[in-house]
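Residue-level structure breakdown
If you want the building blocks of each chain, they are given just below.
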Amino acid sequence: MHPSRFVVGLGLLAGTLLSGAPAHAAAAPPKAYIGLFKDNAVAVFDTSTNTVMKTIPIPTGPHGLVVTPDGRWVYASSDGDSVVSVIDTSTDSVTDTIQVGTTPHGLAITPDGSKVLVAGFGTDSVEAIDTGSNQVVWQVNVPQPHNIAITPDGKTAYAGGQADGAQQLAIIDIASGAETGSVPLDHAPRALNVSPDGEYLAYTLAGVDALQILDLGTRQLDTQIPVGVSPHHPLFTPDGKLGMVIAQGPGSLDLFDPATFTRTGSIKVGTMPHWIGMTSDGGWAYVTNENSNDVSVINLSDRSVTATVPVGNAPRKIVVQPGASASAAPAASSDAMSTQTPGAAASGATPGAAANTAPATTTGASDFSIASFAFAPKSLTVKAGQSVTFTNNDAVAHTTTSPNAWDSSEIQPGSSYTLTAPPTPGTYAFHCSIHPFMTGTLIVQ
Ligand SMILES: [Cu+2]
């Protein structure tokens, strides 16, 4: 949300490269952070290669997610726990855990990065975290707040309250933490965003297949834009010229023209899409697909989906660091994982692989352990025809999948899978089809 800063940064970068100055000024491509609701983790996604680099475990139920305007910190709430985790993006590790009220839902961050607002669904309150101290500095009563939007001037927050009989947009003065007004609603608000010019609020309602546009000057409903079934997260490009909203039913990203409030197009994405992340130049959008376990990478200049990337179980929220969009064209690479199509279940034929998922504890030592989203050891040498067992010691399901050689399908937590090493000597690369960044090698002699 700092287009001017972004432009300056790009100018400096370009100048530096042209003059052949030291490379340390080169900015890293922005990373996206994706909350994996069923993996209890945040995936770190490299937008230059469209691959997951790492998965960071956080407490149960990753829900809200924001990144500071300088890109340095990511805040993630866990709705099954009462905490907000702070991720240092320079190391991609959790460096602080902030206690908040029970069942925190959505997060929002002020444009200057000084405060993170927490929708405290279970405590009927919105809390503010000061990002300098990572302490809660105020709290205000709002019944069952779910998601929050902040105006571009950083002064006002709109919190969508979902409580029966008190469905509303609560208006909060961010400096004081006081509620200054409320817009009553007759349906539960889902997700919301303020237009870049600060003039109106776009929001979605449970059970209403239209995007709602509230004039923030008059606080009256300006118009409704009919969109696909079960609309969810709305977002604007930073220049305000393009609006978009998730339509969960058809699995699409619906586009609208903010000048005329008319729907102008629709882009097919995955199954049960949830949230939109965008590069700060508005060049690329990333849509999480909760039920197909992947992210659709969308080139907004020609509105094409350039890649569909498996990222983990039940991706919901996504944020993208500020910075130049560097989304890779999907390589027509030999890397089978990056070309997996949405919904392509890992159920292919597995010729030659004797396979059965069985309780792990019944027989001897396992050859591969799966833990913390990694295979251990990374590589193993066996003889042709030898039994090789994979034991899943993680809390989430994984697979071991080697294209054209074997596919375990899902190995549940605490279970194992035993295969017979292929008869043909060679090096067999394998991965987890749910978390394609998990890779390993079986060397058959
Ligand atoms: Cu996995």
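Up top you'll find the structure we're talking about.
Calculation criteria
- Residues numbered from 1 in each chain as written.
- Predicted model: local features only at pLDDT ≥ 70, side-chain atom pairs only at ≥ 80, totals over all residues.
- Heavy atoms only, no water.
- Donors = N, O, S within 2.8 Å, 3.2 Å for Na, K, Ca; no water.
- Helix = DSSP H or I, 4+ residues; strand = E, 2+ residues; numbered from the N terminus.
- Buried < 20%, exposed > 50% of the residue type's maximum accessible area, 1.4 Å probe, protein only.
- Lys, Arg positive; Asp, Glu negative; His and termini not counted.
- Salt bridge = Lys/Arg side-chain N within 4 Å of Asp/Glu carboxyl O.
- Contact = heavy atoms within 4.5 Å.

Taken together, His398 (ND1), Cys432 (SG) and His435 (ND1) make up the protein donors of the copper ion, found 1.9 to 2.2 Å from the metal. When the donors of the copper ion are listed by position in the chain, the intervening gaps give H-x33-C-x2-H. Pair noted here: histidine 398 is in the loop between β33 (387-392) and β34 (401-402) and histidine 435 is in the loop between β37 (426-431) and β38 (439-444), with a separation of 37 residues, a long-range link. Of the two residues, histidine 398 and histidine 435, both sit in the buried class.

This part takes up the side chain of lysine 115. Its place among the elements puts lysine 115 in strand β9 (residues 115-120). Although lysine 115 is buried, it makes no salt bridge; aspartate 130 carries the closest opposite charge, 5.9 Å away. Ignoring sequence-local partners within four residues, the contact set of lysine 115 consists of Ala108, Ile109, Thr110, Ala128, Ile129, Thr131, Val137, Trp138 and Ile174.

Mapping valine 84 onto the fold places it in strand β6 (residues 83-88). For valine 84, a relative accessible area of 0% corresponds to the buried category. In sequence terms valine 84 and valine 100 are 16 residues apart; their C-alpha atoms lie 6.9 Å from each other. Discounting residues that sit within four places of it in the chain, valine 84 has contacts with Tyr75, Ala76, Ser77, Asp96, Thr97, Ile98, Val100, Leu107, Val118 and Ile129.

This part is about the pattern of salt bridges. In total, this model carries 4 salt bridges according to the counting rule given. Where lysine 31 meets aspartate 92, a salt bridge forms, and the shortest distance between an N and an O atom there is 2.9 Å. Of this pair, lysine 31 sits in strand β1 (residues 31-36) while aspartate 92 is found in the loop between β6 and β7 (93-99), placing the two residues 61 residues apart along the sequence. Like aspartate 92, lysine 31 is buried. Notably, a salt bridge pairs arginine 263 with aspartate 254, separated by 3.2 Å at the nearest N-O pair. Residue classification places aspartate 254 among the buried positions, given a relative accessible area of 1%.

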